[in-house]
Amino acid sequence: MKDAVIGIIGGTGGMGRWFARLLRKEGYKVHVCGRKTRLKISDLAGSCNVIVVAVPIAATAEVIRQVGPLMSADSLLMDLTSLKKEPVELMLSCSRAEIIGCHPLFGPQLSDVRGQNVVLCPARGDKWLSWLKVILERKGLIVIEKAPEEHDEMMAIVQVLNHLNTISFGLALAAAGIDLTEINKLSTPIFQTKMEIVKKVFTENPGLYTDIIAQNPAAMNMLDLYEKALADIRALVNSGDGTQLKEAMEQAAKKLF
Ligand SMILES: NC(=O)c1ccc[n+]([C@@H]2O[C@H](COP(=O)([O-])OP(=O)(O)OC[C@H]3O[C@@H](n4cnc5c(N)ncnc54)[C@H](OP(=O)(O)O)[C@@H]3O)[C@@H](O)[C@H]2O)c1
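Residues numbered from 1 in each chain as written. Predicted model: local features only at pLDDT ≥ 70, side-chain atom pairs only at ≥ 80, totals over all residues. Heavy atoms only, no water.

Student: Tell me about the side chain of Thr 81, residues and numbers included.
Tutor: Turning to its location among the elements, Thr 81 is positioned in the loop between strand 4 (76-79) and helix 4 (85-94). Taking relative accessible area as the criterion, Thr 81 reaches 5% and is therefore assigned buried. Beyond its immediate stretch of four places on either side in the chain, Thr 81 contacts Ile 57, Thr 60, Pro 87, Cys 102 and His 103. (Helix = DSSP H or I, 4+ residues; strand = E, 2+ residues; numbered from the N terminus. Buried < 20%, exposed > 50% of the residue type's maximum accessible area, 1.4 Å probe, protein only. Contact = heavy atoms within 4.5 Å.)

Student: Can you explain the pairing of strand 4? Please cite residues and give values.
Tutor: Residues Leu 76 and Met 78 line one face of strand 4 and the alternating positions Leu 77 and Asp 79 line the opposite face, and both faces are buried. Here strand 3 (residues 50-53) pairs with strand 4 via four bridges, running parallel. Note on strand 4: the bridge partner recorded for Val 52 is Met 78. Traced from strand 3 through helix 3 (residues 57-67) to strand 4, the parallel crossover comes out right-handed. The pairing of strand 4 with strand 5 (residues 98-104) spans four bridges and is classified as parallel. (Pairing = 2+ DSSP bridges. Right-handed = clockwise from strand over helix to strand, strands pointing away.)

Student: Residue-level account of the sheet that holds strand 7 (residues 142-145), with values.
Tutor: Strand order in this open sheet of seven strands is 2-1-3-4-5-6-7, and the pairing throughout is mixed. Each edge of the open sheet is held by one strand with a lone partner, namely strand 2 (29-33) and strand 7. On average, each strand axis in the sheet is tilted by 25° relative to the strand beside it, whichever way the strands run. Sitting on the sheet, helix 4 touches strand 4, strand 5 and strand 6 (117-124), and the angle it makes with strand 5 is about 160°. (Axes fitted to C-alpha atoms, helices over the stretch in contact; angles between N-to-C directions.)

Student: Quick rundown of the environment of Val 32? Include the residues and the values.
Tutor: By the element assignment, Val 32 lies in strand 2. Each C-alpha atom of the pair Val 32 and Ala 61 lies 18 Å from the other, and the pair is 29 residues apart in sequence. Discounting residues that sit within four places of it in the chain, Val 32 has contacts with Ile 8, Gly 11, Thr 12, Ala 20, Arg 24, Thr 37, Leu 39 and Leu 44.

Student: Any chance you could break down the site of the ligand for me, citing the residues and the numbers?
Tutor: Neighbouring residues of the ligand: 25 residues in total, closest Thr 12, Gly 13, Met 15, Arg 35 and Ser 82. Gly 14 is positioned such that a nitrogen or oxygen atom in its backbone is 2.9 Å from an oxygen atom of the ligand. Asn 205 has a polar side-chain atom sitting 3.3 Å from an oxygen atom of the ligand. About the coverage of the ligand: the protein hides 84% of its 890 Å² of free accessible area. When residues of the shell around the ligand are traced back to their parent elements, those giving at least two are helix 1 (14-25), helix 3 and strand 5. Examining the composition of the shell around the ligand, we find that three residues originate from one element, helix 3, more than from any other. In the shell around the ligand, the residues fall into 13 nonpolar, 10 polar and two charged. (Near = heavy atom within 4 Å. Polar contact = N/O pair within 3.5 Å; in protein donor to acceptor, adjacent residues only side chain to side chain. Areas by Shrake-Rupley, 256 points an atom, 1.4 Å probe, with all protein chains shown as cover. Nonpolar A, V, L, I, M, F, W, Y, C, P; charged D, E, K, R; others polar.)

Shown next as C-alpha cells:
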C-alpha cells in the first residue's frame, strides 16, 4: 500500500489533523479539506485512494453520502466517528469501496498515544485492513476489532454515562452559585481532577460531547439508569444516617470489582 494517497475530510479539525500528522510521519501524502478550504470533497475523492471522514458527528452522514459514491471498489473509505453503527451502515450502502469504521478512544490533544485504545469495525474487504492496523500498532496503539453495534453499546457506558455524570456535576456546580476561586482554596486532589474534566468537557468542544450523548440510541436508557441511581441515593440518605447508602455501595462494589 505504498501508493496510498490519503484525503481527510475534516482534516483541518482536531482528530483529522491528528490523523494527518500520524500518516505524514509514516511518509504518506495526505490532503485535507474542511468547508472553507480550497480543496473540496470531490477533489479529494478524485485524487486519493483512501478517504477518511473526520467531521463532527452531526455532519458525518451528509459527508458520507457525498463522498461514498465517488470512490472506486479498490479504494478505502473509513471514518473516525465516535459512534459506529450509523456511519458504517451508511458507508456500506453509499459506496463500493472497502469500508472500515475507526474510533480512536482518546482526543487529539494527547501527546503520547502509546498504550491507548483504538476500535476498528472492518465492514468490507481486507486489502486495507492490515495496512491500517500496522500503521496504528507501530504508533503503540492497541487495536481492538468490534462489531459497530457492540461498540456503540459499550460507548453508552464509556462515553454517555461518563459524560452525563460530568455534565450533571458541572450544571449542579454552576447552579450552586459558588465562588470557584474560594472553593479552589479548599480543594482536594479528587476535586481538582474532577474540575479539570468538567473544564475540558464544558469549554473545549461541548458539541462533541452533546453529539456523543444525543446520537447514541442507548442515551435514554443511560439517563433512566442515572436518574434511578440519584433517586435511590436520595431515598437511602433520607432514610437514616448513611448506613443504607454504605451497604448499597458495598453491594455494588461486589458486583463491580
Ligand atoms: N475530539 C475528540 O476527542 C474525538 C475523539 C475520537 C473521535 N472523534 C470523532 O472525530 C470526528 C471529528 O471530531 P473533532 O473533535 O476532530 O471535530 P472538530 O475539531 O470540530 O473538526 C471537525 C472538522 O470537520 C470539518 N467540517 C465540519 N463540517 C464539515 C462539513 N459539512 N463538510 C466538510 N468538513 C466539515 C471542520 O472544518 P470547518 O469547520 O472548517 O469546515 C473540521 O476540519 C467526530 O466524528 C468525533 O466523534 C473525536
